[in-house]
Amino acid sequence: MRYNFDLSEPRDADDGGRQSAMPTSASTPKKELEWLPLQNHPVFSSPNRDGAAHSSNFTMPKNLLAWDGASRLYFWDSYKSCLHRLSVRLGEPDPTSVLAASPSKVLQADMQLDFEVQRISINRNGSALFLVGLDGLYVMYLYGRTSTKENTVICRTVSVGSEIYFDKNNSIRTLQVCWHPYSDTHLGILSSDSVFRVYDLSSALGQPEQEYYLQPVEPGSSHNATSICPVDFSFGGDHLWDRFSVFILFSDGSVYILCPVVPFGSVYKWESILELYSDAHVFGLKSSNSKAVKNSNLAISWLEATFPELARKEVHAENASVLRAQPYALFDASISLQGPLRKVSHSVEEDSVHPPVCEGRAVSFLYDLVSKDSIVVTAWSGGQLQIDALADEVQPVWKVGSPPRVCLDSTDSIVGLAMICESLSSDTSILKLDLPPDHTLWLGHSPPLLRLAIVDLALPRRSGSIISMFVDPLISERIYCLHDGGIDSVVLHFFPFTNQSSGKEDMMRSPSVHPVLSTFQGEASSASPLCGFLALSDSFGDSWIVGLTPSCECIVLEMETWNTLVPPIIDKVDKLIDSEGPKDTDIPTIISKELLTGPRVVLLPPSSPHLRSVAADSIEGRSTLHQYFKLFHENYVEYAHKVYFELQHHAPHVKKIIDDQHSRLHKAQQKILEVERKQEKIEDRIEHAVQFHSKLEERLQSLRHLPAAHKRSLSKAEREFKSELDRYRGVELDALRFSIEAVNARLKRFTHSPQASRSNEQRQLSVRRKSHVQENEMSLLKASLEKLSLVNSENAKKVKVVESALKCREIGTS
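Criteria and thresholds
Residues numbered from 1 in each chain as written. Predicted model: local features only at pLDDT ≥ 70, side-chain atom pairs only at ≥ 80, totals over all residues. Heavy atoms only, no water. Pairing = 2+ DSSP bridges. Helix = DSSP H or I, 4+ residues; strand = E, 2+ residues; numbered from the N terminus. Axes fitted to C-alpha atoms, helices over the stretch in contact; angles between N-to-C directions. Buried < 20%, exposed > 50% of the residue type's maximum accessible area, 1.4 Å probe, protein only. UniProt positions renumbered as here; feature names shortened; annotations may be inferred. Expected span 1.5 Å × (residues − 1). Polar contact = N/O pair within 3.5 Å; in protein donor to acceptor, adjacent residues only side chain to side chain. Contact = heavy atoms within 4.5 Å. Salt bridge = Lys/Arg side-chain N within 4 Å of Asp/Glu carboxyl O. Phe/Tyr/Trp six-rings, centres within 6.5 Å; stacked < 30°, edge-to-face > 60°. Parallel < 35°, antiparallel > 145°, perpendicular 65-115°, else oblique. Left-handed = near helix turned anticlockwise from the far one by under 90°. Nonpolar A, V, L, I, M, F, W, Y, C, P; charged D, E, K, R; others polar.

### Here's the deal with the sheet that holds strand β36 (residues 543–548)
Part 1 of the argument: Ordered in space as β35-β36-β37, the three strands form an open sheet in which the pairing is antiparallel. Edge positions in the open sheet fall to β35 (532–537) and β37 (554–559), since each of these has one partner strand only. Neighbour to neighbour, the strand axes of the sheet diverge by 20 degrees on average, direction disregarded.
Part 2 of the argument: Sheet analysis places β36 next to β37, joined by six bridges and oriented antiparallel. Each residue of the ladder has a partner; that of Gly 547, found in β37, is Ile 555.

### Focus: the sheet that holds strand β33 (residues 486–491)
Part 1 of the argument: One open sheet accounts for four strands, arranged β31-β32-β33-β34; its pairing is antiparallel. At either end of the open sheet lies a strand with only one pairing partner, and these are β31 (468–471) and β34 (512–518). Averaged over neighbouring strand pairs, the angle between their axes works out to 25 degrees when direction is ignored.
Part 2 of the argument: Pairing geometry for strand β32 (residues 478–483) and β33, over six bridges, is antiparallel. Across the sheet, His 483 pairs through a bridge with Gly 486, a residue of β33.

### Considering the pairing of strand β3 (residues 72–77)
Part 1 of the argument: With six of six residues buried, β3 is to be regarded as a mostly interior element.
Part 2 of the argument: Residues of β3 alternate between two faces, with Arg 72, Tyr 74 and Trp 76 on one and Leu 73, Phe 75 and Asp 77 on the opposite face, all of them buried.
Part 3 of the argument: As paired elements, strand β2 (residues 65–67) and β3 share three bridges and run antiparallel to each other. Residue pairing in the sheet places Trp 67 in a bridge with Leu 73 of β3.
Part 4 of the argument: As paired elements, β3 and strand β4 (residues 82–90) share six bridges and run antiparallel to each other. Residue Leu 73 lies in a different strand from β4, and its bridge partner there is Leu 86.
Part 5 of the argument: The turn joining β3 and β4, which pair antiparallel and follow one another in sequence, is formed by four residues; a positive phi near 55 degrees is taken by Ser 81.

### Digging into the UniProt feature "coiled-coil region" (unreviewed entry) in the chain
Part 1 of the argument: Residues annotated by UniProt as "coiled-coil region" (unreviewed entry) correspond here to residues 658–685.
Part 2 of the argument: Taken end to end, residues 658–685 is 100% helix and 0% strand, and its first and last C-alpha atoms sit 40 Å apart.

### A word on helix α2 (residues 270–285)
Part 1 of the argument: With 16 residues, α2 ought to run about 22 Å at 1.5 Å a step, and its terminal C-alpha atoms sit 22 Å apart, in line with that.
Part 2 of the argument: Residues Trp 270, Ser 272, Ile 273, Leu 276, Tyr 277, Ala 280 and Gly 284 constitute the buried set of α2.

### Some details on unusual backbone geometry
With the exception of glycine, most residues fall at negative phi, and the peptide bonds are largely trans.
Part 1 of the argument: Here Ser 102 and Pro 103 are connected by a cis peptide whose omega angle stands at 5 degrees.
Part 2 of the argument: The residue Pro 103 is located in the loop between β5 (98–102) and β6 (105–109) in this model.
Part 3 of the argument: Note that the residue after Gly 339, namely Pro 340, is joined by a cis bond; omega there is 0 degrees.
Part 4 of the argument: One can find Pro 340 in the loop between β23 (337–338) and β24 (362–370).

### A look at the environment of Tyr 143
Part 1 of the argument: Residue position: Tyr 143 is located in the loop between β9 (136–141) and β10 (145–146).
Part 2 of the argument: In this structure the C-alpha to C-alpha distance between Tyr 143 and Ile 154, which are eleven residues apart in sequence, comes to 8.5 Å.

### Comments concerning the side chain of Asn 123
Part 1 of the argument: Of note, Asn 123 is situated in the loop between β7 (119–122) and β8 (128–133).
Part 2 of the argument: For Asn 123, the side chain forms a polar contact with the main-chain nitrogen of Ser 127, separated by 3.0 Å.
Part 3 of the argument: At a separation of 3.2 Å, a polar atom in the side chain of Asn 123 contacts the main-chain carbonyl oxygen of Asp 184.
Part 4 of the argument: Among residues more than four places away in sequence, those in contact with Asn 123 are Ala 128, Trp 179 and Asp 184.

### Description of the pattern of salt bridges
Part 1 of the argument: Going through the model one piece at a time under the given rule, you end up with eleven salt bridges.
Part 2 of the argument: For Lys 62, the salt bridge goes to Glu 116, with nearest N and O atoms at 2.9 Å. One end of the pair, Lys 62, is in the loop between β1 (34–37) and β2; the other, Glu 116, is in the loop between β6 and β7, and 54 residues separate them in sequence.
Part 3 of the argument: In this structure Lys 62 comes out as buried when scored by relative accessible area, which is 4%.
Part 4 of the argument: A salt bridge links Asp 193 to Arg 197, with the nearest nitrogen and oxygen atoms 3.2 Å apart.
Part 5 of the argument: Its relative accessible area of 0% is what places Arg 197 among the buried residues.
Part 6 of the argument: Within the structure, one salt-bridge network assembled from shared partners comprises Asp 193, Arg 197 and Glu 211.

### A few points about the packing of aromatic side chains
Part 1 of the argument: Applying the stated criterion across every chain yields a total of 22 aromatic pairs.
Part 2 of the argument: A centroid spacing of 6.4 Å and a plane angle of 85 degrees characterise the contact between Trp 241 and Trp 442, whose relative ring orientation is edge-to-face. Residue Trp 241 is located in the loop between β17 (230–235) and β18 (246–250), and its partner Trp 442 is located in the loop between β29 (414–422) and β30 (449–456); the two are separated by 201 residues in the primary sequence. For the pair Trp 241 and Trp 442, one class covers both residues: buried.
Part 3 of the argument: Within the aromatic cluster, the residues linked to one another by ring pairs are Tyr 182, Trp 241, Phe 244, Tyr 268, Trp 302, Phe 307 and Trp 442.

### Some remarks on the packing of α2 against helix α3 (residues 290–306)
Part 1 of the argument: At a closest axis distance of 9 Å, the pairing of α2 and α3 adopts a crossing angle of 155 degrees. As far as their axial angle goes, α3 and α2 are roughly antiparallel. Like other packed secondary-structure pairs, α2 and α3 cross with a definite hand, here left-handed. Residues Ile 273, Leu 276, Tyr 277, Ala 280, His 281, Gly 284 and Leu 285 of α2 touch α3, and the partners they reach there are Ala 292, Val 293, Ser 296, Asn 297, Ile 300, Leu 303 and Glu 304.
Part 2 of the argument: Among the residues making up the contact of α2 with α3, the classes are represented as nine nonpolar, four polar and one charged.

Next up, the structure:
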């Protein structure tokens, strides 16, 4: 029996969920709530919504739904520019239903939002929600003041990063915005200028708390332009150093790691930090390799400074269950950009970042923690999912000799930092499976990838496909893929470390892919992507998904959870029996076998030889007749009663069987008549198809006489060269353009920044030297910009020359 006590609605009577300061007697009576199915709620059926939630020129996936993980669902109304808060009940009264309270609470921003919201997301404790679009990023605090308008709450709304991302003088775009999993006030933002920033909403909203300038290519080395364009990022999960890691995806599919990245004031478990601390002492300091000892010393010093409770002997787990991170950074070292992550192998020849089966460019990234396995999933624009597992643990790596820039307050406490994160040249080695742990632990190697599977979602072949991925909140082995064609469910069945720790020796099984919802309407061009997606779950093991169409219609689907991970079991004995022959079907018993065999044979009682001389009215005659009557009654009269009773009892059953046979016979006759009616149409269609086939053959014969029909097909080398040109034109030219825009934006910001705002006394003493260095940096930036422009122009000329050569060759062959 279910007992789901909903405690959310009493909070709706006050200001945004907090206890009201007014007495209960003075509160205004509210309208009685009505619980409706979520898909039938009035907020999803308002008029004039066609096209309001869908824009044809958006470049990021839309998601206008959010869930606080408990009992409240949020929906951004693009038509009214407001936020609806719906209290939901999962699995009541029917275990498969989702109910929502009507009317909903309307949350209104206290300022005018002059941009189109394309995605919303709520923080960990449900107190704030960010609204992001191509032209703005705002954070709405969900606990506001009640308006005079009925059922409306005015919420404080602030802008984040407006001076960097949404300034009219630069073209820096936000690529991904995420809440940090261990803080309620920190946002992570990855932008098109290859910078990862962390903002603290409790302090300065305009300036980032931490800045990491990503340099995946070493200075002076040549590389494809796609490798310097970031696409997406994801925070790590609750596993060892993964909780301090940021996984960053670039356009060519390469994955890099930043570790450690910790927001100031974020909270972590005592046991987790203590595990990292003891691991660095056991496996790092006691290593025979000097490099491992050096790296572990850096990690230990960082842990002791970030979490000062580790160095205090009197602090134990009983006294402190959680630890709060203190602002700290190594003053003589910057975090290294670990990567690109390579495949684990037995030999060096298997060095490859991504396989050639993935088409297009990388568009999104997902980190999923399943027990002891860290799973990373890369989505490609061609519709493929590249699923890998980290074959080793993530460890922090610093580059000594590259000090970061630190901002201090009046008490010499760190309030902000910025550093350049470069990829180390020694980080290109591949971990081999047969190496002992002494050759891999704390040596600064990036963890390799173990390929689990490559899933093809069979999407239409068109460029620019946007794929979003979400982890099921109930089953971490299941991943939902949201794309232009609908929703797909991918269930993983093989995990190397988890299966090894549990003692299982299962073979590697490919993931299960099931389409959940399709938005295709016959043709690929008519597909309409969803504008919202949520995965809901309750404590009873039930799961649902909620989708939002472009016309703001809500879709609720129940998902199976209990048998999702159970492998199919096949009984070999039953299979052999089935192969020998069909089994006998059970025939319903109408009349028992005892009645069919008849009455039992009457055994006459023993009689004396002079029985015939006995008179019937004598005592002996009467006794003999009584025995005969008794035997007759026991055998024939009782048998007759049994026959009568059983026939009377089975009469309705026989009638039901006869009626069933008659109905089946009637249905069969109707199907035969329908087949006879359709046979004429089928014959007409076959005749029409034969005629059409003959016409096509005639057209084919006429087309064969054309001069272009004898054109020679391209060779293998020419096809590979053409595919390389298409990839260069579709990906790398855009990457070069974005790189040039980012460099221009940095140059404008650098030239327009006020030089008199420096507060460091040492910088004021060396103004001339610094100005000379700044002039050198400006000259280097201008030279690199000119070099990029020349490379872009030369590449464009080469593409035009190749296209003209191909056109001339086609004209010559024709």
